[in-house]
Amino acid sequence: MSKTIILKIDQCGEQIYGPVRKFIGLLPPKSFNHLIDVIDLSANPRLANKGSVTEDIEKSLTETPELFPAKTKGILLAASGFKALERQRFQFEFDDPDTEGLLDGGHNALATGRFVLKEAGVSQKDLKQVRDWESFASAWKTHRQAVAAVEDNLDLAIPVEIQVPSDMKDSDVVNEFKASLLEIGAARNNNVQLSDATKANKMGLYDCLKQYLPRDLAEVIEWKANDGGRIKAQDILALSWIPLSKLELPDGLRVNPNQIYRNKGVCVAAFNKLLGHKQVSDEVQGGYERKLNHPAIESALKIASDFPDLYDQIHAGFPDAYNRAGGSFGKISAVKMYDSDRVSERNPKYLKERPTTPFFQREVDYTCPDGFIVPFAYGLRALINLRDDGLLEWKRDPRDFLAKRYVDVMKSYRLAIELGQWDPQKVGKNIGAYEFAESAISAVVTRLK
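Reading the values: rules and limits
- Residues numbered from 1 in each chain as written.
- Predicted model: local features only at pLDDT ≥ 70, side-chain atom pairs only at ≥ 80, totals over all residues.
- Heavy atoms only, no water.
- Helix = DSSP H or I, 4+ residues; strand = E, 2+ residues; numbered from the N terminus.
- Buried < 20%, exposed > 50% of the residue type's maximum accessible area, 1.4 Å probe, protein only.
- Contact = heavy atoms within 4.5 Å.
- Axes fitted to C-alpha atoms, helices over the stretch in contact; angles between N-to-C directions.
- Left-handed = near helix turned anticlockwise from the far one by under 90°.
- Nonpolar A, V, L, I, M, F, W, Y, C, P; charged D, E, K, R; others polar.
- Salt bridge = Lys/Arg side-chain N within 4 Å of Asp/Glu carboxyl O.
- Phe/Tyr/Trp six-rings, centres within 6.5 Å; stacked < 30°, edge-to-face > 60°.
- Pairing = 2+ DSSP bridges.
- Lys, Arg positive; Asp, Glu negative; His and termini not counted.
- Parallel < 35°, antiparallel > 145°, perpendicular 65-115°, else oblique.
- Core = buried A, V, L, I, M, F, W, Y, C linked by side-chain atoms within 4.5 Å.
- Expected span 1.5 Å × (residues − 1).
- Arc of directions from axis to C-beta.

> Please provide a residue-by-residue account of the overall build of the chain, values included.
Across its full length, the chain carries 21 helices and 16 strands. If one aligns the C-alpha atoms of the chain with their principal axes, the spans along those axes are about 80 × 55 × 30 Å. Sorting the 449 residues of the chain into buried and exposed places 51% on the buried side. Nonlocal contacts in the chain, meaning residues at least 24 apart in sequence, comprise 70% of its contacts between residues at least 6 apart.

> An account of the environment of methionine 168 is needed here, citing residue identities and associated values.
The residue methionine 168 is located in the loop between strand 8 (158-165) and helix 8 (171-188) in this model. Along the sequence, methionine 168 and serine 80 sit 88 residues apart, while their C-alpha atoms lie 8.4 Å from each other. In contact with methionine 168, not counting residues within four places along its chain, are Ser80, Gly81, Phe82 and Val174.

> Give me the lowdown on the environment of alanine 416, citing residues and values where you can.
Tracing the sequence through the fold places alanine 416 in helix 19 (residues 398-419). The exposure class assigned to alanine 416 is buried, which follows from its relative accessible area of 10%. Spatially, the C-alpha atom of alanine 416 lies 47 Å from that of aspartate 98, the residues being 318 residues apart in sequence. Sequence-distant contacts of alanine 416, defined by excluding residues within four places in its chain, comprise Val427, Ala433 and Phe436.

> So what about the packing of helix 18 (residues 370-379) against helix 19? Which residues, and what values?
Running from N to C, helix 18 and helix 19 point in directions that differ by 115°, and their axes come no closer than 11 Å. Seen along the crossing, helix 18 lies across helix 19 with a hand that is right-handed. Facing Gly371, Phe372, Pro375 and Phe376 of helix 18, the residues of helix 19 in contact are Leu402, Tyr406, Val409, Met410, Tyr413 and Ile417. Of the residues that constitute the contact of helix 18 with helix 19, the class distribution is 9 nonpolar, 1 polar and no charged.

> Pulling in residues and values, what's your account of the pattern of salt bridges?
Pairing is possible between side chains of opposite charge, provided their charged atoms come close. Scanning the entire structure with this criterion turns up 23 salt bridges. In this structure, the salt-bridge partner of arginine 381 is glutamate 438, at a minimum N-O distance of 2.9 Å. Residue arginine 381 is located in the loop between helix 18 and strand 15 (384-386), and its partner glutamate 438 is located in helix 21 (residues 431-448); the two are separated by 57 residues in the primary sequence. Notably, a salt bridge pairs lysine 404 with aspartate 400, separated by 3.4 Å at the nearest N-O pair. On the criterion of helical spacing, the pair formed by lysine 404 and aspartate 400 is a turn pair, its members being 4 residues apart in helix 19.

> Hey, could you go over the packing of aromatic side chains for me, with residue numbers and the actual values?
For the structure shown, the criterion picks out 21 aromatic pairs. Here the aromatic rings of phenylalanine 318 and tyrosine 322 are separated by 6.4 Å at their centres, their planes lie at 15°, and the arrangement is stacked. You can see phenylalanine 318 and its partner tyrosine 322 sitting in helix 17 (residues 307-324), 4 residues apart, about one turn around the helix. Accessibility assignment for this pair places phenylalanine 318 and tyrosine 322 in one class, buried. Judged by centre distance (5.7 Å) and plane angle (80°), the ring pair of tyrosine 378 and tyrosine 434 falls under edge-to-face.

> Now, about the pairing of strand 4 (residues 75-78): what can you tell me, with residues and values included?
Burial along strand 4 is two-sided: Ile75 and Leu77 and Leu76 and Ala78, pointing in opposite directions, are all buried. Where strand 4 and strand 8 come together, 4 bridges link them in parallel fashion. Bridging from a neighbouring strand, isoleucine 75 pairs with valine 160 of strand 8. Here strand 4 runs beside strand 7 (residues 101-104); their pairing, made up of 3 bridges, is antiparallel. Paired with leucine 76 across the strands is aspartate 104, a residue of strand 7.

> Explain the side chain of glutamate 151 to me, using residue names and the numbers behind them.
Topologically, glutamate 151 is positioned in the loop between helix 7 (144-150) and strand 8. One buried charge, glutamate 151, has no salt-bridge partner; the nearest side chain with opposite charge is arginine 144, at 4.1 Å. With residues near it in sequence (within four places) discarded, glutamate 151 still touches Pro29, Lys30, Asn33 and Arg144.

> Before we move on, could you go through the sheet that holds strand 6 (residues 89-94) and cite the residues and values that matter?
With respect to topology, 3 strands assemble into an open sheet ordered 1-6-5, the strand pairing being antiparallel. Looking along the sheet, the strands with just one partner apiece sit at the ends: strand 1 (3-8) and strand 5 (81-84). Neighbour-to-neighbour, the strand axes of this sheet turn through a mean angle of 20°, independent of strand direction. Pairing of strand 1 with strand 6, which is carried by 6 bridges, proceeds in the antiparallel orientation.

> Which residues make up the packing of helix 1 (residues 29-38) against helix 6 (residues 133-142), and what are the values?
Look at helix 1 against helix 6: their axes get within 10 Å of each other, and the N-to-C directions meet at 115°. Considering their axes alone, helix 1 and helix 6 lie roughly perpendicular with respect to each other. When the axes of helix 1 and helix 6 are compared, the crossing they make is left-handed. In contact with Asn33, Ile36 and Asp37 of helix 1, helix 6 contributes Trp133, Phe136 and Trp140. Each residue belonging to the contact of helix 1 with helix 6 can be placed in one class, and the counts come to 4 nonpolar, 1 polar and 1 charged.

> Please set out the nonpolar core residue by residue, giving values where relevant.
Judged by nonpolar contacts, the single largest core of 82 residues is most densely connected at Trp241 and Phe318. The biggest single contributor to this core is helix 19, with 9 residues. Among all residues touching phenylalanine 318, those that are not within four sequence positions of it are Phe329, Cys368, Phe372, Tyr406, Met410, Tyr413 and Ile417. With 45 residues, the next largest nonpolar core counts Ala48, Phe68, Phe82 and Ala120 among its residues.

> Could you give me a rundown of helix 2 (residues 52-63), with the residues and numbers involved?
Between its terminal C-alpha atoms helix 2 stretches 16 Å, which fits the 16 Å expected from 12 residues at 1.5 Å a residue. Residues Thr54, Ile57, Glu58, Ser60 and Leu61 constitute the buried set of helix 2. Buried residues of helix 2, seen end-on, are gathered within an arc of 155° and therefore sit on one face of the element. Along helix 2, exposed side chains directed more than 90 degrees from the buried face belong to Ser52, Lys59 and Glu63.

Set out below in structure tokens:
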């Protein structure tokens with residue numbers, strides 16, 4: 001849904017670079033306030049949160065407002081439509097809220113907005129609740145009349161840069177401008193390094209995986225930096241390489257199994273490169289977004305959506321399976337167990353609060369190190385079949401397999417843990433443990449035939 005706003009830009013200057021026209025100047029209080037009425041942070045690769053950065057900005061606004069424009073780069077806006085009006089006023093149209101609007105300067109906007117609320121008489125107690133953009137937007141709406149009453153008296157000038165197409169009459173220029181917005185936003189956010197996952201999410205590279213994940217899980221994944229998700233996107237993307245490793249991928253792309261445990265950043269970068277490959281996805285009109293067009297990779301991502309649940313199932317069942325396979329899980333030094341009655345400083349082995357599995361937060365009695373779980377989860381690729389048409393499918397229900405054959409597999413896999421001297425770091429980093437797990441599961445499947 002497009003949004004239109006009229007802004008006055010004091011001391012306005014203009015520059016043109018290829019498809020981009022830049023207006024540079026200062027937003028007076030009324031224009032800043034009107035901007036906050038309209039925009040959100042959908043187009044910003046990172047979300048803004050209250051912290052030391054915003055505190056410093058607010059301090060500058062309070063103590064040295066006359067120097068504020070010299071201390072900050074301000075905010076960066078982008079709009080696909082504009083019209084010059086009289087008296088340094090401009091009409092801007094934000095056509096696509098996911099790529100247009102506030103590209104950079106979210107923390108400046110949040111801090112300045114908090115400063116305005118304070119000047120409008122909002123109590124310190126209420127301001128303490130304004131810690132992110134969502135809570136700020138709510139407070140702004142609640143106190144908007146109070147803001148309007150003081151805006152003529154505010155000592156405020158916000159540096160602004162607004163980027164628009166250099167030629168609104170040329171559709172090719174407008175499309176080229178739109179296609180450049182993601183790259184511009186990423187480059188302008190590189191002072192706080194924009195994560196690969198955040199940028200790729202903006203490009204739509206994760207849309208297919210999101211589609212197959214359970215909704216309650218997808219909603220708590222931090223696809224965008226600082227958006228408060230309980231689960232990091234890299235944890236999901238790393239697991240996707242288990243089914244992806246069953247395919248022959250363009251340009252020989254691959255990830256070593258132990259990278260799923262030891263270096264999730266490598267997994268994210270490889271995933272982004274794969275999903276952004278011209279043989280795998282197509283540019284959507286506008287150029288900043290891509291859409292998956294590769295059925296085999298889509299089938300792998302559909303299977304990948306099962307792995308968070310399988311990971312939790314492995315985690316929850318690991319202690320019992322290990323014990324029934326002849327081991328003593330509770331004696332492993334890297335393991336902690338829930339027993340609130342035995343918690344003490346002298347014995348950190350016990351936990352006061354019951355631990356949970358990482359993805360769906362199911363209560364368990366033991367912690368289980370990722371270094372033990374990841375190789376076992378990788379071994380489930382032995383249950384994945386590559387069909388004659390090049391698509392992947394489960395040979396048999398993996399959840400049912402774990403429920404019935406976990407102990408049988410553990411009788412062999414236990415050796416990988418013992419060879420790693422019960423050290424999850426050694427087990428998780430050792431490629432041999434991954435091969436061992438897959439062989440153990442494959443052997444059990446063979447006996448079932």
